[in-house]
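Chain by chain, the residues run as shown.
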Amino acid sequence: MLAGFGCLAGVTTVLFGFGGGFVVVPLLYRALIAEYGADSATGQAAMHIAVATSTCVMIVSAMLATRRHQRAGTLDWAQVRPLLRPIGAGAVVGAAAAVAADGEFVRWAFIAYLGATILDCVFRPGFLAHTAPAVARPLSGKVATFGSFVIGLIAAFLGVGGSVMTVPLMRRRGAAMTHATAMANPLSLPVALAGTATYMGLAWNSASSLEGWHIGYVDMPAFAALVAGSLVGVRAAAPLIGRIPDRIHTWVYLGLLVAVLAGMVLR
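Residues numbered from 1 in each chain as written. Predicted model: local features only at pLDDT ≥ 70, side-chain atom pairs only at ≥ 80, totals over all residues. Heavy atoms only, no water.

Undergrad: Kindly report on the packing of aromatic side chains, identifying the contributing residues and their values.
TA: Throughout the structure, instances matching the rule amount to three aromatic pairs. Each ring, one from phenylalanine 105 and one from phenylalanine 157, has its centre 6.2 Å from the other, and the planes form 80 degrees; the classification is edge-to-face. In this pair, phenylalanine 105 is assigned in helix 6 (residues 103-123) and phenylalanine 157 in helix 7 (residues 141-158), connecting sequence segments 52 residues apart. The exposed category is assigned to phenylalanine 105, whose relative accessible area is 51%. For phenylalanine 157, a relative accessible area of 11% corresponds to the buried category. Ring centres 5.7 Å apart and planes at 50 degrees place the aromatic pair phenylalanine 127 and tyrosine 253 in the tilted group. You can see phenylalanine 127 sitting in the loop between helix 6 and helix 7 and its partner tyrosine 253 sitting in helix 11 (residues 246-265), a full 126 residues away along the chain. Ring pairs connect the aromatic residues Phe16, Phe127 and Tyr253, which therefore count as one cluster. (Phe/Tyr/Trp six-rings, centres within 6.5 Å; stacked < 30°, edge-to-face > 60°. Helix = DSSP H or I, 4+ residues; strand = E, 2+ residues; numbered from the N terminus. Buried < 20%, exposed > 50% of the residue type's maximum accessible area, 1.4 Å probe, protein only.)

Undergrad: Talk me through the environment of arginine 173; I want residue IDs and the actual numbers.
TA: Here arginine 173 is to be found in the loop between helix 8 (163-172) and helix 9 (177-202). We classify arginine 173 as partly exposed; its relative accessible area is 22%. Each C-alpha atom of the pair arginine 173 and glycine 126 lies 8.1 Å from the other, and the pair is 47 residues apart in sequence.

Undergrad: Break down the nonpolar core for me, citing the residues and quoting the values.
TA: Core analysis: the biggest nonpolar cluster contains 81 residues, and Phe22, Met47, Phe110 and Tyr253 have the highest contact counts within it. It is helix 4 (residues 46-72) that contributes the most residues to this core, eleven residues altogether. When residues no more than four places from it in sequence are discounted, the contact partners of methionine 47 are Val25, Tyr29, Gly103, Val106, Arg107, Phe110 and Met264. (Core = buried A, V, L, I, M, F, W, Y, C linked by side-chain atoms within 4.5 Å. Contact = heavy atoms within 4.5 Å.)

Undergrad: Give me the lowdown on helix 11, citing residues and values where you can.
TA: Spacing of three or four residues puts side chains on the same side of an α-helix, whose turn is 3.6 residues. An ideal rise of 1.5 Å per residue puts 28 Å on 20 residues; helix 11 measures up with 29 Å between its terminal C-alpha atoms. Those residues of helix 11 that sit buried are His249, Thr250, Tyr253, Leu254, Leu257, Val260, Leu261 and Met264. The arc that holds the buried residues of helix 11, viewed along the axis, is 130 degrees, so those residues lie on one side. (Expected span 1.5 Å × (residues − 1). Arc of directions from axis to C-beta.)

Undergrad: Got a sec to walk through the side chain of histidine 48? Specific residues and values, please.
TA: Along the polypeptide, histidine 48 turns up in helix 4. Separated by 2.8 Å, the side chain of histidine 48 and the backbone oxygen of alanine 101 make a polar contact. (Polar contact = N/O pair within 3.5 Å; in protein donor to acceptor, adjacent residues only side chain to side chain.)

Undergrad: How would you sum up the layout of surface pockets? Please name residues and give values.
TA: The computed volume of the second largest pocket comes to approximately 220 Å³. Lining the second largest pocket we find 14 residues, and of these Phe5, Phe22, Val23, Pro26 and Val260 sit closest to its centre. For the lining of the second largest pocket, the elements supplying multiple residues, two or more each, are helix 1 (2-16), helix 2 (21-36) and helix 11. Residues that form the lining of the second largest pocket fall into these classes: eleven nonpolar, two polar and one charged. (1 Å grid on protein atoms, 1.4 Å probe; cavity = no way out; pocket = protein on both sides within 12 Å on 5 of 7 lines; lining within 4 Å. Points joined across faces, edges and corners; volume = space filled by probe spheres on them. Nonpolar A, V, L, I, M, F, W, Y, C, P; charged D, E, K, R; others polar.)

Below, the structure written as structure tokens:
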């Protein structure tokens, strides 16, 4: 089951820049509760494990998706490079905060942020209708640094990569959906690397009582199955890069956010 959903995560990473988090976090959270029970040590830490494992899977999926988009010529590195360091710094802070937070709080933060993002995309102009040129306007230096730090913090705290913030941002600054989702993948890499190191290091002692094989809060068997599936998904989705009409691409992105929100609320 995990490998199958890992394949879906690979597809959404390539086509929507999700990094797999929106598929992996709800799925793994439910799977851990079902297997070990809500009152077990693993069940009580299920949200932490799901977020940490999702962040680790993003290292592989985002790297592969970045390579595919680079080959397709959809990446604008001039937009991406200034954001990488502050996003990584924010990811360390976000992962550390998630380790210290209650798992149920992280779950509801995940739900609240998804809901806010969906409403923002629907009601604030600039996301659903694309009328600007297909090259995004660059962010100013201070805005880029502070904004990308916040993106990294929230992304690592929730285990979702930067797509949920960077795609709407780039979209409103004039990027076509193909380019906006492409740029989300390299921006997910510093989140994944910094977040995974933090989840493994700070949670080393906390995870000693968990059932199964973990490094910190990262569930290694789940990680292996999800990555195996994501390799297939990334390869399968690569030929679709740049071929989805912009309007359809936008509405499917929004529909996936709604589906994940429903899955987390209807626990």
